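Spelled out, the chains give:
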Protein chains: 2
Amino acid sequence: MASPDPLASVPQNIPSAASLTRVEEVMQDIRQRIQMRHLCVGKKLPSIRVQADSLGVSRSTVVEAYARLVAEGVIESRPGSGFYVGRQVSPFKVAETAAGLSPASDPVWVTRQALLAPATSLQPGCGWLPDSWMPEQEIRRALRAVSRKPLAPLTGYGTPQGSPALRQLLAHRLGERGMHVAPEQLMLTESSTQAVDLLCRFFLQPGDTVLVDDPCYFSFQAMLRAHRANVVSVPYTPHGPDVQAMAACLAQHRPRVYITNAALHNPTGASLSVEIAHQVLVLAAQHDLTIIEDDVFADFENHRAPRYAALDGLRRVVYVGSFSKTLSASVRVGHIATRPDWVEQLVDLKLAIAFESGHFSAELLHTLLGSGTYQRHMNSLRARLADAMGLTLQRLEKLGVHAWHQPSAGMFVWCALPEGLDAATLSEYALHHHQLLLAPGNSFSPSQQANGYLRFNVAQSLSPAVFNALAKSMQACRRGRAT
Amino acid sequence: MASPDPLASVPQNIPSAASLTRVEEVMQDIRQRIQMRHLCVGKKLPSIRVQADSLGVSRSTVVEAYARLVAEGVIESRPGSGFYVGRQVSPFKVAETAAGLSPASDPVWVTRQALLAPATSLQPGCGWLPDSWMPEQEIRRALRAVSRKPLAPLTGYGTPQGSPALRQLLAHRLGERGMHVAPEQLMLTESSTQAVDLLCRFFLQPGDTVLVDDPCYFSFQAMLRAHRANVVSVPYTPHGPDVQAMAACLAQHRPRVYITNAALHNPTGASLSVEIAHQVLVLAAQHDLTIIEDDVFADFENHRAPRYAALDGLRRVVYVGSFSKTLSASVRVGHIATRPDWVEQLVDLKLAIAFESGHFSAELLHTLLGSGTYQRHMNSLRARLADAMGLTLQRLEKLGVHAWHQPSAGMFVWCALPEGLDAATLSEYALHHHQLLLAPGNSFSPSQQANGYLRFNVAQSLSPAVFNALAKSMQACRRGRAT
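First things first, this report covers the structure right here in the doc. (Residues numbered from 1 in each chain as written. Chains lettered and ligands numbered in written order. Predicted model: local features only at pLDDT ≥ 70, side-chain atom pairs only at ≥ 80, totals over all residues. Heavy atoms only, no water.)

**Structural notes on the overall build of chain A**
Check the secondary structure of chain A and you find 17 helices and 14 strands. Taking all 483 residues of chain A together, 63% fall into the buried category. Within chain A, contacts between residues at least 6 apart in sequence are counted, and of these 73% link residues at least 24 apart. Total accessible area on chain A stands at roughly 17,400 Å², and carbon and sulfur atoms take up 52% of it. (Helix = DSSP H or I, 4+ residues; strand = E, 2+ residues; numbered from the N terminus. Buried < 20%, exposed > 50% of the residue type's maximum accessible area, 1.4 Å probe, protein only. Contact = heavy atoms within 4.5 Å. Areas by Shrake-Rupley, 256 points an atom, 1.4 Å probe, with all protein chains shown as cover.)

Listed below in structure tokens is the structure:
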């Protein structure tokens, strides 16, 4: 079905020609001509007769197509004069509807709801830990320490590549995980999100194809839409991507980049096996594929899963990390580790589009990581998460909600709803009637095949009220289906 | 002349066909096919005979074009086999040479040099105030205050649009300058640079044309290159852009967006007159042009120049500001003021590509702005800058360096070198021999017509050593020219 978005002709939204009706084909043709600026704002469209002749379709097809485009606001009808291209605000929209009305049409629905939710709401669908799990005293202490430091980090710009002291410390940490990088191979960014976005700008041109996991972190999809990339996906298994499906996908679509979470995959909580990691790297070499490995959940691991970046020696793998999930989401520092020759160009790009990442945040992070308290904080966090995981799985089981795979650590578990329940409908109902924020499966699924799934954040699922509200919502949706 | 950059086929670098030789045409054709991925890495190029026949040129033309592309690293010659597409790292490069070797080829040369310069270097070309001019004690005090605040701003994410309290305060400040905006019309960003970049992503598609001033802030050019935009420019006069030139440019090139500093223009220090502001807005309406007004120097003004945003009521003007020049460059918070219907979509885009701007930085900025000390700080800063401006102009005059226009306030003055001196050569010499960072005119000039100019930052020009080093460099360059 054609999307109601006048701007839906970005590649990933174009249904294959075979599945389009004649009317939709005409609509798509006009949308594309508008988007390519062959038809400008205010320009008159060809008359229905001329359009029908030129496209070789019937006049009634054009009449219907024009009427639907008018309804969508793409074109305007001026009675007695004809049809004109409407005023388009932007060639780019992330969401197809206004302000996240529905999880089915908005890749940032979960994020927006979570960020806007009142403190009293229940948020098992949220993507981060509760504030109270963060190391409050350590952060306050670090802030006071930074307030006594020399002036530069408080007022001035940092170096383009980012604090040498912090890069030194990060390089050492990466070395401990088998990634042997020099501090010169690291560049600091505002966040891991900005890091992935920067890499997309570096590697991609509009229309390039990008491979992601199915399911994957929804922000990858929103971001790739902003890059006008063509998104293809392969199923994620409990041990990494489906290698056979990936081989076929690479051969068919020749994606330029693969973006993934390698350890404690979001949303499934699964971890990559060394066998699959190796196979994927062989495929990547065969198809000249660059891999962006987003490792923001690394420090939650109890046992170390392999990393593409470690096996590959950072030749075709670019590694991204941050501490927003374990220390503070508001102290914005991410990092990229990559080949020396790419770092230099990435620094140029960063200067051009962001000028600098936060000197102050880098100083604060360096203070926090250098104090030795981070390790203690993470030890306690991991233990707390393991308890929460056990409890959450138990409570979900009672409701007939089963883990697709039991994660070895981390905050996320990917769960199958009982037969017949629709995650999008359930999520809308739960938010509206119980202030319960769920993360519906299709938010994460490029193929939209995950409407029987929800992602749970076990740290946000400790209150029994979560499961009361979930049970009531499931019941109501079952009844709704029955009537 | 064809650029030595294999990726130079981004629009702004394509010479018009008329000015190309046959060889360059063939080279450009191949570069474009590589960039469009019609020719992939490792792919064999057509033989010289086939290529000549298919393009309708002589074989010697193709031989020469292939040889030059080999020299550029775009293609590789494999003796006995033929020519192959070389390994391309990225479709995007800001600078044409590695790591800012020359101000002539690198739009971020000045920035990079300034960020990397040792503390002992002299930096009249730098784009910001010395650290010691920033309100050190106030920032330290604000940090301690924030360290005692509730936990959320220290560890958690903020709302997608950014701190409501800070937006309220900013809206009030904008109101005082004649821009009547509700807090809901504001969105916070990491910085003004990120704000302009976000707006470019919102309004532009690759290949769209963007209008800038000549000269203009060099980062606009680097950023627009990252957006693959086609850049056109009109001369800047002491009272704003040249309106007649703008009218002609709009008619000819139909740019979608105009990006400018409205008050205390960078690099000229000139201010917009109300007459020109009005004329530009009339032209913008006629040509459906959106204006991005970057107002980071606003608080340096002694007398308020008009703002496009105020005259226009934020209909087609989007306003951008930050405090990085007046408070702290390391506390990263910028803001966008725009139409309510655009804010919502910008928030979507921000969620997709940056997730969030710094909650902590916003809290710190709110503390600093709310304390009342900011006004006192700015009063003293303005007085100090006025003194520095007078002194700098005096010292420059002695060297035969004349202000193009005497700025009413701010830190920048745009100066003409004595006849015959080349700003790029002088800047390279001064940096190399005297650790003196100058800002050569052509860094700012899209038309590359400003090689007789330098931008001086008066706050960074207080040391007599600046003028000693400048005098020596000028002398050496004069001698160099003479020999």
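**Focus on the sheet that holds strand β10 (residues 334-337) of chain B**
Residues and elements named next belong to chain B. Ordered by their spatial adjacency, 8 strands build an open sheet running β3-β10-β9-β8-β7-β4-β5-β6, and the pairing between neighbours is mixed. Whereas interior strands pair on both sides, the edge strands pair on one side only; in this sheet they are β3 (186-189) and β6 (240-241). Here strand β4 (residues 209-214) pairs with strand β5 (residues 230-237) via 6 bridges, running parallel. The partner of aspartate 213 across the bridge, within β5, is valine 234. Where helix α8 (residues 192-203) meets the sheet, it contacts β3, β7 (257-260), β8 (290-294), β9 (317-322) and β10, and its direction lies at approximately 155° from that of β9. (Pairing = 2+ DSSP bridges. Axes fitted to C-alpha atoms, helices over the stretch in contact; angles between N-to-C directions.)

**Comments concerning the pattern of salt bridges**
Residues and elements named next belong to chain A. As enumerated under the stated definition, the model contains 28 salt bridges over all chains in all. Here arginine 177 ties to aspartate 295 by a salt bridge, and the two come within 3.9 Å at their closest N and O atoms. Here arginine 177 is found in the loop between α7 (164-176) and β3 (186-189), whereas its partner aspartate 295 is found in the loop between β8 (290-294) and α12 (308-312), with 118 residues between them in sequence. Here the salt bridges share partners, and the residues they tie into one network are Arg173, Arg177, Asp295, Asp299, Glu301 and Arg307. (Salt bridge = Lys/Arg side-chain N within 4 Å of Asp/Glu carboxyl O.)

**Considering helix α16 (residues 423-434) of chain B**
Residue and element names in this part refer to chain B. In this model, α16 (12 residues) spans 15 Å end to end at C-alpha, consistent with the 16 Å of a helix rising 1.5 Å per residue. Ala423, Ala424, Leu426, Ser427 and Ala430 are the residues of α16 that are buried. Along the axis of α16, the buried positions cluster into a sector of 165°, meaning they face one direction only. The distance from a side-chain oxygen at the start of α16 to the backbone nitrogen of alanine 424 is 3.0 Å, and the residue carrying that oxygen is aspartate 422. (Expected span 1.5 Å × (residues − 1). Arc of directions from axis to C-beta. Polar contact = N/O pair within 3.5 Å; in protein donor to acceptor, adjacent residues only side chain to side chain.)

**A closer look at the pairing of β3(A)**
Every other side chain in a regular strand lies on the same face of the sheet, so the side chains alternate between the two faces. All names here are of chain A. Side chains Leu186 and Leu188 of β3 all project onto a buried face; the interleaved residues Met187 and Thr189 project onto the opposite face, where all are buried too. Where β3 meets strand β10 (residues 334-337), 4 bridges bridge the pair, whose relative direction is antiparallel. By the bridge assignment, leucine 188 is partnered in β10 with histidine 335.

**Re the packing of α8(B) against helix α13 (residues 340-353) of chain B**
All names here are of chain B. Where α8 meets α13, the closest approach of the two axes is 10 Å, and the angle between their N-to-C directions is 110°. Compared by their axis directions, α8 and α13 come out roughly perpendicular. Taken together, the residues of α13 that come into contact with α8 (itself represented by Leu198, Leu199, Arg201, Phe202 and Phe203) are Trp342, Gln345, Leu346, Leu349, Lys350 and Ile353. Of the residues contributing to the contact of α8 with α13, the split by class is 8 nonpolar, 1 polar and 2 charged. (Parallel < 35°, antiparallel > 145°, perpendicular 65-115°, else oblique. Nonpolar A, V, L, I, M, F, W, Y, C, P; charged D, E, K, R; others polar.)

**So, the nonpolar core**
Within the largest apolar cluster, 176 residues are counted, with the highest numbers of intra-cluster contacts made by A:Tyr308 and B:Tyr308. Of all hydrophobic cores here, the second largest spans 101 residues; its members include A:Phe202, A:Val257, B:Val343 and B:Phe444. (Core = buried A, V, L, I, M, F, W, Y, C linked by side-chain atoms within 4.5 Å.)

**A closer look at the pairing of strand β12 (residues 412-416) of chain B**
Residues and elements named next belong to chain B. Most of β12 is tucked away, with 4 of its 5 residues classed as buried. Here strand β11 (residues 402-403) runs beside β12; their pairing, made up of 2 bridges, is antiparallel. Paired with alanine 403 across the bridge in β12 is cysteine 415. Pairing of β12 with strand β14 (residues 453-457), which is carried by 5 bridges, proceeds in the antiparallel orientation. Along β14, the bridge assignment pairs valine 413 with phenylalanine 456.

**Describing the packing of helix α10 (residues 243-253) of chain A against helix α11 (residues 274-286) of chain A**
All names here are of chain A. Following both chains from N to C, one finds α10 and α11 inclined at 10°, their axes separated by 10 Å at the closest point. Classified by the interaxial angle, the pair formed by α10 and α11 is roughly parallel. Here Val243, Met246, Ala247 and Leu250 of α10 come into contact with α11, specifically with Ile276, Gln279, Val280 and Leu283. Grouping the amino acids of the contact of α10 with α11 by side-chain chemistry returns 7 nonpolar, 1 polar and no charged.

**Quick word on the environment of A:Cys477**
All names here are of chain A. Within the secondary structure layout, cysteine 477 lies in helix α17 (residues 464-482). Assessed through its relative accessible area of 11%, cysteine 477 is described here as buried. Setting aside residues no more than four positions away along its own chain, cysteine 477 makes contact with Leu421, Thr425, Leu426 and Tyr429.

**Some remarks on the side chain of B:His377**
All names here are of chain B. For histidine 377, the location among the structural elements is in helix α15 (residues 373-398). The buried category is assigned to histidine 377, whose relative accessible area is 9%. Reaching out from histidine 377, the side chain makes a polar contact with the backbone oxygen of threonine 326 at a distance of 2.6 Å. Every residue in contact with histidine 377, bar those within four places of it in the chain, is listed here: Trp133, Met134, Pro135 and Thr326.

**Let's talk about the packing of aromatic side chains**
Think of a pair of aromatic rings as described by two things: how far the centres are apart, and how the planes are tilted against each other in angle. Under the criterion given, the structure shown has 27 aromatic pairs over all chains. Seen from their ring centres, B:Phe202 and B:Trp342 are 6.5 Å apart, and the 65° between their planes marks the pair as edge-to-face. Taken together, the residues span a long stretch of sequence, with B:Phe202 in helix α8 and B:Trp342 in helix α13 at a distance of 140 residues. The pair B:Phe202 / B:Trp342 is uniform in exposure class, with both members buried. Judged by centre distance (5.5 Å) and plane angle (75°), the ring pair of B:Phe297 and B:Phe412 falls under edge-to-face. Residue B:Phe297 is found in the loop between β8 and α12 (308-312), and its partner B:Phe412 is found in strand β12; the two are separated by 115 residues along the sequence. Residue B:Phe297 shares its accessibility class with B:Phe412, and that shared class is buried. An aromatic cluster is built from A:Tyr217, A:Phe218, A:Phe220, A:Trp414, A:Phe444 and A:Tyr453, whose rings are joined through pairwise contacts. (Phe/Tyr/Trp six-rings, centres within 6.5 Å; stacked < 30°, edge-to-face > 60°.)

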